[in-house]
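# Close look at the chain arrangement
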Amino acid sequence: MSKSQSKIFSSFIWKFLEQVATQFTGIVFQILLARLLDPKDFGNLAILITFTNFALIFIQSGITVALIQKKELEEYDICSVFLICLLIAAVLYVVLFFSAPLIAGFYEEPNLVGPLRILSIVLFIGAINSIQIAILTRAFKFKIMFFCNFISAMLSGTIGIVLAIKGYGIWALVYHTLLNRAIVTIVMAFFVRVKIKIGISRNSIKNIFSFSIKILAANLVSGTYDSFRTLIIGKNYSKEKLAYYDKAYTYSSYISQLSSNCISGVLLPVFSEKQDNINQLKGMVRKSVRLTSFLMFPVFIGVAVIAYPFVMVLLTEKWIDCVPFLIIFCLLRLPGCITQIDKQILYSLKKGSVCLIYEIIILLLNLGAVFAFINFGIIYIALAALAVEYIGFIAYSIISFKIYGYSLRERIMDMARPLISTLIMVAIIYPISLIPMDIIWILTLQIVFGIAFYILLTYLIDREDFNYFLEKIANIFKKASSKAKSEKEVHNCQNLNESQDNVDEKKEDIVGNREDDE
């Protein structure tokens, strides 16, 4: 295996562990909050987050990617970007602060004014955190990011639960969301020391923002649909129905972020190093697609199969209406974890304009679907979004083939064996739901048998990739063990040297005392 492939795999695993820990912790706390609070509180939070997330696009989108992609990053690059991001955050915060009463009035929820003004503080936090993430990602410090995100998820989740128990309602959700971003930024500050100087370099701004502006535009286009969809549903339907839709979308998003954050965080810096060698890029992409399919297909499809017992056991019956949405959105996320790899390739090749055109087309299709089905019901909007996502997957496959020769046929072959193993697993665990027993046992058996059979099927059908995966996992822990052993030996040698120095000092003191006595 080449050094680049080894770097991809080890970094991917650490990034994957980080995302597993943080996303799993986030899901656990979200489940607890959902049991404690009313669906209406989550519907109102969905509206608030729509505005803050859309504003964050102007601050974060493209900046992190541009800093990672830049071959030589200087101190004045970081300072210039940081000051510009803070300035943008300040302007957007003022806009949201004074717009809060209008937004609350539009949705006939006067109690949203205060929460929106407090939650908007996240804009300043996002400006700082985007720089931290870029620096750590460039250095492949995913282990540090793992601990920072995990600590933040635990602390913010605990505070959110305490506030929910005390009856704070939507404020519990607001503080949970805000503190999650704030704590991770504070913890990362101990590892990322950035010396900020007053002043802006025009060359830095020109070089970085000329690259990031295309990514910003693409993310604005894609973010417009998510924001528009949530706002339209919140206005035309009850906050409870919006909560069912958004809760399912959020849970599927947790799984999707597990994949996309690993891919974008790990692959972009490696792809950028190899941007001049198309053949090597294609080889790394194929390996990444196989690894992503191996890890994510059973998760997405498995959650779709156990959606009913999952909601009944963990969220209780009051959330049962979100089951069909959870199934649809899990299937919707499947192609996204693969096309995310294509995006990183295009960014590394400085083809951001292609991503922008793609996002505009997808936006138009999604907006058309919303207007076409808004009067038929929310479920039809979700189904239309599912269809658009698969159309986009085919489009990205065609684009990838034309740019770096990765054909749809090769792509399907790379995904085939993990998909076959997953479908057989589904055929085995689905009949368990038909057995007349307690719903908790059904959920437990489906999860246990699903994991066991997928591992067995992967070993039988895709033994090469399975052995490769286990081998690399073993190598990572072996390297970690060797590093710890080496550090211990160095520490022991230092202690031995210190002890020898102490002995020599004592000898000198004894000799000196004798001379004094004489």
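Residues numbered from 1 in each chain as written. Predicted model: local features only at pLDDT ≥ 70, side-chain atom pairs only at ≥ 80, totals over all residues. Heavy atoms only, no water.

Counting its regular elements, the chain contains 18 helices and zero strands. For the chain, the share of sequence-separated contacts (at least 6 apart) that also reach a separation of at least 24 residues comes to 84%. Accessible surface, the chain as shown: approximately 24,700 Å² in total, 64% of it carbon and sulfur. (Helix = DSSP H or I, 4+ residues; strand = E, 2+ residues; numbered from the N terminus. Contact = heavy atoms within 4.5 Å. Areas by Shrake-Rupley, 256 points an atom, 1.4 Å probe, with all protein chains shown as cover.)

With that out of the way, let us pick up the nonpolar core. In terms of nonpolar packing, the biggest core is built from 112 residues, with Leu-123, Trp-319, Leu-326 and Phe-329 touching the most fellow members. The greatest single-element share of this core, amounting to 14 residues, is contributed by helix α11 (residues 278-305). Ignoring anything within four residues of it in the chain, the contact list for Trp-319 reads Ala-34, Pro-39, Phe-42, Ala-243, Tyr-244, Lys-247 and Val-311. With nine residues, the next largest nonpolar core counts Phe-142, Met-145, Val-184 and Val-187 among its residues. (Core = buried A, V, L, I, M, F, W, Y, C linked by side-chain atoms within 4.5 Å. Buried < 20%, exposed > 50% of the residue type's maximum accessible area, 1.4 Å probe, protein only.)

The subject of this paragraph is helix α15 (residues 378-404). What sets the pattern is the α-helix's 3.6 residues per turn: residues three or four places apart point alike. Taking 1.5 Å per residue as the helical rise, α15 with its 27 residues ought to reach 39 Å, and the 39 Å between its terminal C-alpha atoms agrees with that figure. Directly beyond the C-terminal end of α15, a positive phi value near 80° is found at Gly-405. (Expected span 1.5 Å × (residues − 1).)

Tallying each qualifying case throughout the model produces three salt bridges. Between Arg-286 and Glu-410 there is a salt bridge whose closest N-O contact spans 3.6 Å. On the criterion of sequence distance, the pair formed by Arg-286 in helix α11 and Glu-410 in helix α16 (residues 408-429) is long-range, its members being 124 residues apart. Take Arg-286: its relative accessible area is 24%, and that puts it in the partly exposed class. Here the residues in one salt-bridge network are Arg-286, Glu-410 and Asp-414, joined through shared partners. (Salt bridge = Lys/Arg side-chain N within 4 Å of Asp/Glu carboxyl O.)

To continue, consider the packing of aromatic side chains. Throughout the structure, instances matching the rule amount to 20 aromatic pairs. Judged by centre distance (5.3 Å) and plane angle (75°), the ring pair of Phe-97 and Phe-98 falls under edge-to-face. Relative to Tyr-380, the ring of Phe-376 lies with its centre 6.4 Å away and its plane at 65°, an arrangement referred to as edge-to-face. A relative accessible area of 59% places Phe-376 in the exposed class. Among the aromatic residues, those joined into a ring-pair cluster are Tyr-93, Phe-97, Phe-98 and Phe-124. (Phe/Tyr/Trp six-rings, centres within 6.5 Å; stacked < 30°, edge-to-face > 60°.)

Here Ser-421 lies in helix α16. Classification of Ser-421 as buried rests on a relative accessible area of 1%. If near-sequence neighbours (up to four positions away) are discounted, Ser-421 is found in contact with Tyr-454, Leu-457, Thr-458 and Ile-461.

What follows deals with the packing of helix α2 (residues 39-60) against helix α6 (residues 122-138). Closest axis-to-axis distance for the α2/α6 pair is 10 Å, and the angle between their directions is 35°. Seen along the crossing, α2 lies across α6 with a hand that is right-handed. Contacts from Thr-52, Ala-55, Leu-56, Ile-59 and Gln-60 of α2 reach α6 at Val-122, Leu-123, Gly-126, Ala-127 and Ser-130. Per-class residue counts for the contact of α2 with α6 are six nonpolar, four polar and no charged. (Axes fitted to C-alpha atoms, helices over the stretch in contact; angles between N-to-C directions. Left-handed = near helix turned anticlockwise from the far one by under 90°. Nonpolar A, V, L, I, M, F, W, Y, C, P; charged D, E, K, R; others polar.)

Attention shifts here to the packing of α2 against helix α8 (residues 170-188). Angle between the axes and distance between the axes are the two parameters that describe a pair of packed helices. As a packed pair, α2 and α8 sit with axes 9 Å apart at the nearest point and diverge in direction by 25°. In terms of orientation, α2 lies roughly parallel with respect to α8. Seen from above, α2 lies across α8 with right-handed handedness. Contacts between α2 and α8 involve Asp-41, Phe-42, Asn-44, Leu-45, Leu-48, Ile-49, Leu-56 and Gln-60 on the former and, on the latter, Ile-170, Leu-173, Val-174, Thr-177 and Arg-181. In terms of residue class, the contact of α2 with α8 is built from eight nonpolar, three polar and two charged. (Parallel < 35°, antiparallel > 145°, perpendicular 65-115°, else oblique.)

All right, on to α2 then. Its 22 residues place the ends of α2 30 Å apart at the C-alpha level, agreeing with the 32 Å of an ideal helix rising 1.5 Å per residue. Among the 22 residues in α2, 16 count as buried, and that is most of the element.

Turning our attention to a nonpolar patch on the surface. Together, Phe-147, Phe-150, Ile-151, Met-154 and Leu-155 give the surface a local cluster of nonpolar side chains, amounting to about 420 Å² of exposed area. When you line up the elements, Leu-155 lands in helix α7 (residues 142-165). (Patch = residues over 30% accessible without salt bridge, like charges linked within 9 Å, V, L, I, M, F, W, Y side chains within 5 Å.)

This paragraph deals with the environment of Ser-252. By the secondary structure assignment, Ser-252 is in helix α10 (residues 239-273). Overall, the relative accessible area of 0% leaves Ser-252 in the buried class. Not counting residues up to four positions away in its chain, the partners in contact with Ser-252 are Phe-300, Leu-326, Phe-329, Cys-330 and Arg-333. A polar contact of 2.9 Å, which involves the side chain of Ser-252, links it to the backbone oxygen of Tyr-249. (Polar contact = N/O pair within 3.5 Å; in protein donor to acceptor, adjacent residues only side chain to side chain.)

Glancing now at the environment of Phe-97. Relative to the helices and strands, Phe-97 resides in helix α4 (residues 75-106). Through-space distance from the C-alpha of Phe-97 to that of Arg-117 is 5.3 Å; in sequence the pair is 20 residues apart.

As a further point, take the side chain of Arg-333. Along the polypeptide, Arg-333 turns up in helix α13 (residues 323-348). One polar contact links the side chain of Arg-333 to the main-chain carbonyl oxygen of Tyr-249, over a distance of 3.2 Å. Beyond its immediate stretch of four places on either side in the chain, Arg-333 contacts Tyr-249, Ser-252, Ser-253, Ser-256 and Phe-300.

Following the sequence through the fold, Lys-241 ends up in helix α10. Through-space distance from the C-alpha of Lys-241 to that of Cys-322 is 8.5 Å; in sequence the pair is 81 residues apart.

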